[in-house]
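# Notes for the structure review
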Amino acid sequence: MKIAVFGGSGRAGHVIVEEAIARGHQVTAIVRDEAAARRRLAPDVPLLVKAPQDVTTADLAGFDAVVDALSVPWGSGLGYLHLDFAKHIIEILANTPTLAVFILGSASLKMPGDSQPMFEEFPPEASQAPWYDGANFQYQEWQFLETVTNVNWIGVSPSEAFPTGPKTGYVMGTDTLLADDQGQSQISTGNMAAAILDELEHPQHIKQRFTVRDK
């Protein structure tokens, strides 16, 4: 499988690149900073050095799958880029067979027993938190994807915590936040990468969203 990873040198993205390569796939990392990418990725990983919004349909021609692993720093005021990048990727992949995976925020998930996404139940004071801007636009990203019918998109929401960590096994759910027996809701970058590659190799959630937590 030929896979392109937006944000392929980022905290989550580079782990996805490494997991895909380990499984024998052809992977291109789409990055903004070539020097930073070369410090983090193996020297033989192909790079496409472009800002995400400058990537074209021609750039992605021939790819079987695209992963949006782009991140925005908390408190940067740039949360809107989550939605902008998703819209751009959808536009350039329209009416193609390419699979497109989008890493969404956990705020679009429901708490166990609730009928509404967590984002819709945040108290007004939450809007002052540094994470709110990103959560807001990733929630809008999820709402946008639900309207898309001409791209084979797949959404994946992490657990409440999404730390850097190894591949140890994961549990999958759908629209409800997952937690273990101790109430911990966490998915490591290694397990997220494994879940994404498992989904790309054997798609089960086209035009749907799933969530994962550490086993």
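Throughout this document, residue positions are counted from 1 along each chain, in the order its sequence is written. Residue-level local features of this predicted model are given only where pLDDT is at least 70; pairs of side-chain atoms are given and counted only at 80 or more, and the full residue set underlies all totals for whole chains, interfaces and linings. Derived side-chain values reflect all non-hydrogen atoms in the structure, with water molecules and hydrogen atoms excluded from consideration.

Looking at an unreviewed UniProt entry, the chain carries the name FMN reductase, with the source organism given as Lacticaseibacillus saniviri JCM 17471 = DSM 24301.

### A closer look at the sheet that holds strand S5 (residues 99-103)
In space, the 8 strands of this open sheet follow the order S3-S2-S1-S4-S5-S6-S8-S7, with mixed pairing throughout. Only two strands of the sheet have a single neighbouring strand rather than two, namely strand S3 (47-49) and strand S7 (170-173). Direction aside, the axes of adjacent strands within the sheet are offset by 25 degrees on average. By definition, two strands form a pair when at least two bridges between them are found by DSSP. The way it works is that DSSP assigns letters per residue, a run of H or I at least four long becomes a helix, a run of E at least two long becomes a strand, and they are numbered from the N terminus. In terms of strand pairing, strand S6 (residues 152-157) meets strand S8 (residues 208-214) through 4 bridges, oriented parallel. In this analysis an axis means a line fitted to C-alpha atoms, helices contributing only their contacting stretch, and an angle means the value between N-to-C directions, from 0 to 180 degrees.

### Details of the packing of aromatic side chains
Note on aromatic contacts: the rings of Phe and Tyr and the six-membered ring of Trp form a pair at centre separations within 6.5 Å, being stacked when their planes are under 30 degrees apart, edge-to-face when over 60 apart, and tilted otherwise. Counting across every chain of the model gives 6 aromatic pairs. Ring plane angle 75 degrees and centroid distance 6.0 Å describe the contact between Trp142 and Trp153, whose orientation is recorded as edge-to-face. Of this pair, Trp142 sits in helix H4 (residues 132-145) while Trp153 is found in strand S6, placing the two residues 11 residues apart along the sequence. In this pair, the class of Trp142 matches that of Trp153, namely buried. Each residue in the set Phe119, Phe122, Trp131, Tyr132 and Tyr139 is aromatic and connected to the rest through ring pairs, giving one cluster. The ring of Phe63 has Lys2 lying over it, and the distance from NZ or CZ to the ring centre is 4.8 Å. Counted as over-ring charges are cases with an Arg CZ or a Lys NZ within 6 Å of the ring centre that also lie within 35 degrees of the ring normal. Residue placement shows Arg209 over the ring face of Trp142; its charged tip is 4.3 Å from the ring centre. Throughout this description, buried means an accessible area under 20% of the type-specific maximum (1.4 Å probe, protein chains only), exposed means over 50%, and partly exposed covers the range between.

### Description of the side chain of Thr28
Position of Thr28 among the secondary structure elements: in strand S2 (residues 26-31). Contacts: residue pairs with any heavy atoms within 4.5 Å of one another. Among all residues touching Thr28, those that are not within four sequence positions of it are Ile3, Ala4, Val5, Pro46, Leu47, Leu48 and Phe63.

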